[in-house]
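Here is how the chains run, residue by residue.
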Amino acid sequence: YANTVDFATNQAQILSIENDADFSWKLGGGYSWGKMGLLKVSYWTFDNEDKESGTATGAMIPTVFGYGAIYTYQYLYNPTFEATGKVEATTFDIDYARPFSAGEKMTISWLAGLRVASYEETQTFTGTDVLYTYDQDKHFENKGWGPRIGVNVDWGFTKRFSLGGTAAFSFMQVTSEGDASQSEPGVFSESLSVESDYQRGLIMDFDLRAIWSWDKFGVWVGYEMSDWGGISTNP
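Report follows, based on the coordinates. (Residues numbered from 1 in each chain as written. Predicted model: local features only at pLDDT ≥ 70, side-chain atom pairs only at ≥ 80, totals over all residues. Heavy atoms only, no water.)

**Observations regarding the pattern of salt bridges**
One pass over the full model with this rule turns up 7 salt bridges. In this structure, D47 engages K86 in a salt bridge whose closest nitrogen and oxygen atoms are separated by 3.8 Å. With D47 in strand β4 (residues 38–55) and K86 in strand β7 (residues 80–101), the pair connects residues that are 39 residues apart, well separated along the chain. D95 is paired through a salt bridge with R148; the nearest N and O atoms lie 2.6 Å apart. Of this pair, D95 sits in strand β7 while R148 sits in strand β9 (residues 133–156), and the two are 53 residues apart along the sequence. Through salt bridges that share partners, D93, D95, R115, R148 and D205 make up one connected network. (Salt bridge = Lys/Arg side-chain N within 4 Å of Asp/Glu carboxyl O. Helix = DSSP H or I, 4+ residues; strand = E, 2+ residues; numbered from the N terminus.)

Structure representation (structure tokens):
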């Protein structure tokens, strides 16, 4: 969100917001025909905002907007500042999975479906020194949809315990909208915007789970990661 230069030590530093962990939630349901397969739908959402604030030593050049037409290297001196970064993301999936027995205790399920996803990011910066106040903000929203394919493997160890793993890939057609602005209130302001409907995206989902089951019920604990390529790119 900014670069700083300490003239006393001639040291430069890039300042970035540290993104903290936060809770998200997912809701899903489906219907199984046994060996004929499973149809399921799921919705996942994430919403988190991080903030940095303080007083900088030396010169501070805000970088949320980027290089503008009115000024390029304007800076604040020993300012107080506040910067925020907010990320919102959602996915909605419709999947059909078909299981196949691959051994006495191993089941492989192939899945195919459709994913609709969105990614939205907002950044702001406000800094004030003895002479000036600068405001900058940037916001973009990407929306995508496309086919989703993958495979799930279950390894049974005992009657009630098994390990499961999934790898799924979503090939997205993405549309983007973005805008940014900067100003010195009462003195000048400028803005820019961009639109795109030809981006491509790939979302890769992986998980590994330990599963305990009793009759028709079960619980699991595990690790899941999701890599969003293209759809989370700043346009």
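**Points about a negative patch on the surface**
A grouping of E177, D179, E195 and D197 is seen on the molecular surface, where their side chains present a negatively charged patch. The set of elements that each furnish at least two residues to the negative patch consists of β10 (161–184) and β11 (188–214). (Patch = residues over 30% accessible without salt bridge, like charges linked within 9 Å, V, L, I, M, F, W, Y side chains within 5 Å. Areas by Shrake-Rupley, 256 points an atom, 1.4 Å probe, with all protein chains shown as cover. Lys, Arg positive; Asp, Glu negative; His and termini not counted. Charge placed at Lys NZ, Arg CZ, Asp CG, Glu CD.)

**A few points about the side chain of N48**
Mapping N48 onto the fold places it in strand β4. For N48, the side chain forms a polar contact with the side chain of D50, separated by 3.2 Å. With sequence-adjacent residues up to four places away left out, N48 is seen in contact with D20, D22, G85, K86 and V87. (Polar contact = N/O pair within 3.5 Å; in protein donor to acceptor, adjacent residues only side chain to side chain. Contact = heavy atoms within 4.5 Å.)

**Some details on the packing of aromatic side chains**
This model, assessed by the stated rule, comprises 13 aromatic pairs. Centroid distance F7 to Y77: 6.2 Å. Interplanar angle 15 degrees. Geometry classified as stacked. Of this pair, F7 sits in the loop between β1 (2–6) and β2 (11–15) while Y77 is found in strand β6 (residues 76–77), placing the two residues 70 residues apart along the sequence. You can call F7 partly exposed: its relative accessible area is 48%. With relative accessibility at 43%, the residue Y77 sits in the partly exposed group. Aromatic pair W25 and Y43: ring centres 5.7 Å apart, planes at 50 degrees, arrangement tilted. Highlighted residues: W25 in strand β3 (residues 25–32) and Y43 in strand β4, separated in sequence by 18 residues. In this structure Y43 comes out as partly exposed when scored by relative accessible area, which is 32%. (Phe/Tyr/Trp six-rings, centres within 6.5 Å; stacked < 30°, edge-to-face > 60°. Buried < 20%, exposed > 50% of the residue type's maximum accessible area, 1.4 Å probe, protein only.)

**So, the pairing of β9**
Both strand β8 (residues 106–128) and β9 contribute to a ladder of 23 bridges, which runs antiparallel. Following the sheet pairing, Y119 is matched in β9 by N142. Two successive antiparallel strands, β8 and β9, enclose a turn made up of 4 residues. Here β9 runs beside β10; their pairing, made up of 20 bridges, is antiparallel. In the sheet register, F140 faces β10, and the bridge partner there is G178. Counted along the chain from β9 to the antiparallel partner β10, the turn is 4 residues long. (Pairing = 2+ DSSP bridges.)

So, to be careful, I would describe these as geometric facts and stop short of saying anything about function.
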